[in-house]
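# Structural features, examined
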Amino acid sequence: MFGAASRNVRPRFARGVSQVLADPMAWNQAPVTITTLPNGVRVATKETFSETASVGVYLDAGVRNETTATRGANYMLEQLALTGTAKRPGAKLEAEIESMGACLDLSYGREHSSFTMSMFGKDVAQGVDILADMVTAPGLANVAKEKQNILRKLEETEQPTRKVIDDRLHACAFRDYSLGYSTVGPFDGIEGLTQDHLKQYVDANYTADKMVIAASGAVKHQELVQLAEKAFGGVKAGPPVAGTTKPYFCGAELLYRNDEMGPLAYVSVGWEAVPWKSPDAVTFMVMQSIIGKYKRGSGLVPGTISGNRVINAVENKMGVGCAEEFECFMNFYKDTGMFGFYIVCDEVAVEHAVGELMFGCNLLSFSVTDEEVERAKRELKATLVNGSGSTVDSCAQVGKEVLAYGRGIPPAEMMLRIDAVDAEEVKRVAYKYLNDNEISVTGLGPLHGMPQFYCLRQMTCMVRY
């Protein structure tokens with residue numbers, strides 16, 4: 001009887017201890033304070049001891065919010081952002097930012113967009129006013145004058161191969177949905193975008209319910225709330241969100257063979273994964289750390305003696321040719337996700353490199369040791385806490401967390417969630433989402449050694465003879 005009673009009490013006691021330990025103050029961490037304005041704009045601050053402050057406007061709007069009529073709108077808005085606003089011409093905007101000694105960073109992603117400015121604490125009010133001007137009154141009238149320059153820049157700019165491969169992998173996996181639209185170009189129909197198209201996109205997506213004002217550093221929460229209410233209080237809330245279906249993940253391949261672009265081939269493979277708020281999201285982060293990343297000739301520990309099984313296998317095959325570098329990735333979105341790997345390898349080693357990474361991902365479902373999981377958890381924790389410590393990174397983290405989760409995630413809470421993952425949990429999640437499931441594949445370069453798609457699909461299973 002007493003044994004049963006103790007078993008019933010122990011979980012409640014453990015939950016209480018976990019809740020106490022997850023409190024930011026228990027770890028000497030500044031908490032994230034959030035206030036929602038009457039129109040729905042959320043203001044989140046993380047005050048730290050610093051002479052500088054970073055303030056950003058984070059929007060739940062990106063490439064996936066484009067339509068067939070507005071494809072390329074995000075890229076166009078990014079290029080127009082520094083040409084001036086409705087109140088500040090480009091020269092005045094640039095001079096005002098420089099006179100403050102501030103730094104401005106713009107980011108237009110697949111699902112989120114951000115405008116972030118770093119400045120001295122005394123200039124926060126002016127910084128918020130500039131950000132509000134850029135978000136609520138963008139220089140859409142400049143599109144006719146700047147369009148030819150923007151299109152020429154798009155045509156002449158060479159994008160990093162990694163971005164191109166990631167872009168094509170999304171186009172292959174989510175080809176029937178806007179989540180698969182390009183972020184780097186080319187954009188179908190961008191030459192036909194007008195001021196009306198951009199205004200339609202801004203009015204539909206730059207709304208109060210999709211907006212987060214985040215700040216970190218030398219900034220008081222109540223002061224920022226007052227500034228935000230003055231600058232963003234007039235932003236209207238968007239219409240009720242229409243019901244949408246989860247983007248369908250399409251198992252397919254999209255290969256661009258080019259034997260003349262050099263000796264290196266670039267390959268990426270992805271599985272459908274989970275969204276931000278999934279109970280299995282942290283386990284996927286640990287799985288990503290188990291596979292890890294590798295670059296030939298770099299790192300303190302030689303790959304031939306690495307404790308990472310995939311790195312060890314790749315490095316010890318370099319005599320016959322394998323990956324020059326690889327990286328496992330995990331992309332979270334609001335309703336889906338993508339887990340996979342990216343490889344750079346010699347043209348004669350494509351089959352070896354892809355085979356090793358597919359085998360490593362397959363082993364997650366069947367043969368993961370406690371030692372591997374503990375190593376991955378240590379590396380994941382180090383990655384999460386060993387950032388630059390700057391107010392810019394802290395502000396970006398607060399903004400993204402509030403958009404994704406609706407709150408700030410204390411580092412202590414994330415550590416406890418990571419500690420709860422063990423080898424059996426990794427096997428369960430990997431077997432559910434990776435084993436014998438559809439994959440999306442893309443490649444670029446000399447791919448004459450690329451395995452057939454049905455062979456890659458077979459590699460998602462453990463074939464035993």
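Going by the structure above, here's the rest.
Attention in this report is confined to the structure presented alongside it. Every chain is numbered on its own, with residues counted from 1 as its sequence reads. The model is predicted, so local features are restricted to residues of pLDDT at least 70 and side-chain atom pairs to those at 80 or more, both for listing and for counting; the totals for chains, interfaces and linings are taken over all residues. The side-chain figures draw on all heavy atoms in the structure; neither hydrogens nor water molecules are used.

Here we come to the sheet that holds strand β3 (residues 52-59). The pairing criterion is simple: DSSP has to find at least two bridges between the two strands. Helix numbers and strand numbers start at the N terminus; a helix is a DSSP run of H or I with at least 4 residues, a strand a run of E with at least 2. Across the sheet, which stays open at both edges, the six strands sit in the order β1-β2-β6-β3-β5-β4 with mixed pairing between neighbours. The open sheet has two edge strands, β1 (33-36) and β4 (103-108), and neither has a second partner. Sheet twist, expressed as the mean angle between neighbouring strand axes with direction ignored, is 15 degrees. The sheet contact formed by β1 and strand β2 (residues 42-47) spans four bridges and is antiparallel. For Thr36, the partnering residue across the bridge sits in β2 and is Arg42. By definition in these notes, contact holds between two residues if any of their heavy atoms fall within 4.5 Å. Axis definition: a line fitted to C-alpha atoms, limited for helices to the stretch in contact. Angles are taken between N-to-C directions and run from 0 to 180 degrees. Seen against the sheet, helix α8 (residues 221-232) touches β1, β2, β3 and β6 (211-217) and runs at an angle of roughly 150 degrees to β2.

This part takes up the packing of aromatic side chains. Stacked, edge-to-face and tilted are the three classes for Phe, Tyr and Trp ring pairs, Trp counted by its six-membered ring, which pair at centre distances within 6.5 Å; planes under 30 degrees apart are stacked, over 60 edge-to-face, the rest tilted. Going through the model one piece at a time under the given rule, you end up with 12 aromatic pairs. When the centroid spacing of 6.3 Å and the interplanar angle of 70 degrees are considered together, the rings of Tyr201 and Tyr206 count as edge-to-face. For the pair shown, Tyr201 and Tyr206 are each scored as buried. Between Trp271 and Phe341, the aromatic rings sit 6.3 Å apart at their centres with planes inclined by 55 degrees, giving tilted as the arrangement. Here Trp271 is found in strand β8 (residues 264-272), whereas its partner Phe341 is found in strand β11 (residues 337-346), with 70 residues between them in sequence. Summary of the burial criterion: residues with accessible area below 20% of their type's maximum are buried, those above 50% are exposed, and those between are partly exposed, where the area comes from a 1.4 Å probe applied to protein chains only. The exposure class assigned to Trp271 is buried, which follows from its relative accessible area of 2%. Judged by its relative accessible area of 0%, Phe341 falls in the buried class. Among the aromatic side chains, those forming a connected cluster through ring pairs are Trp271, Phe284, Phe339, Phe341 and Tyr433. Between Arg168 and the ring centre of Tyr256, over which it is positioned, the NZ or CZ distance is 3.7 Å. In this scheme, the term charge over a ring applies when either NZ of a lysine or CZ of an arginine sits within 6 Å of the ring centre and within 35 degrees of the ring normal.

Before going further, it helps to spend a moment on the packing of helix α9 (residues 281-291) against helix α12 (residues 370-385). Between α9 and α12, whose axes approach to 8 Å, the crossing angle comes to 105 degrees. Put simply, α9 runs roughly perpendicular to α12. Across the interface between the two elements, Met285, Val286, Ser289 and Ile290 from α9 touch Glu372, Val373, Arg375, Ala376, Lys377, Glu379, Leu380 and Leu384 from α12. Tallied by class, residues from the contact of α9 with α12 come to seven nonpolar, one polar and four charged. Here the word oblique covers every angle except those under 35 degrees (roughly parallel), over 145 (roughly antiparallel) and from 65 to 115 (roughly perpendicular). In this classification, the charged set is Asp, Glu, Lys and Arg, the nonpolar set is Ala, Val, Leu, Ile, Met, Phe, Trp, Tyr, Cys and Pro, and all remaining amino acids, among them Gly, are polar.

So, on to the sheet that holds strand β10 (residues 323-332). Read from one edge of the open sheet, six strands run β7-β12-β8-β11-β10-β9, paired in mixed fashion. Each end of this open sheet is capped by a strand with a single partner; those strands are β7 (252-257) and β9 (293-295). Within the sheet, the average angular offset between the axes of one strand and its neighbour, ignoring direction, is 15 degrees. Relative to strand β12 (residues 439-445), β8 runs antiparallel, the two being bridged by six bridges. Looking at β12, one finds that Val269 is bridged to Val441. Along the sheet, helix α11 (residues 350-363) contacts β8, β10, β11 and β12; its crossing angle with β11, the most-contacted strand, is approximately 150 degrees.

Once that is clear, we can look at the state of the cysteines. Two cysteine sulfurs form a disulfide in these notes if their separation is within 2.5 Å. Taken as a whole and judged by the stated rule, the model has zero disulfides. Between Cys361, a cysteine without a disulfide, and Cys328, which holds the nearest cysteine sulfur, the sulfur-to-sulfur distance is 5.6 Å.

Let us now look at unusual backbone geometry. In this structure, the amide linkage connecting Gly185 to the following residue, Pro186, adopts the cis form with an omega of 0 degrees. The phi torsion at Asp436 lies on the positive side, around 55 degrees, for a residue other than glycine.

Take the nonpolar core next. Soluble globular proteins tend to bury their nonpolar side chains together. Grouped together as the largest cluster of nonpolar side chains are 55 residues, with contacts concentrated most on Phe284, Phe326, Phe339 and Leu364. What is meant by a nonpolar core is a set of buried Ala, Val, Leu, Ile, Met, Phe, Trp, Tyr and Cys residues, joined one to another through side-chain atoms within 4.5 Å. Met76, Leu131, Leu198 and Phe232 belong to the second-largest nonpolar core, a separate cluster that totals 52 residues.

A contiguous nonpolar surface patch, about 390 Å² in accessible area, is contributed by Leu300, Val301 and Ile305. The exposure class of Ile305 is exposed, given its relative accessible area of 61%. A patch is a set of surface residues, each over 30% in relative accessible area and not in a salt bridge, joined within 9 Å for like charges and within 5 Å for the nonpolar side chains Val, Leu, Ile, Met, Phe, Trp and Tyr. Only the protein chains shown count as covering a residue, and every accessible area follows the Shrake-Rupley method with a 1.4 Å probe. The term salt bridge refers to a side-chain nitrogen of Lys or Arg lying within 4 Å of a carboxyl oxygen of Asp or Glu.

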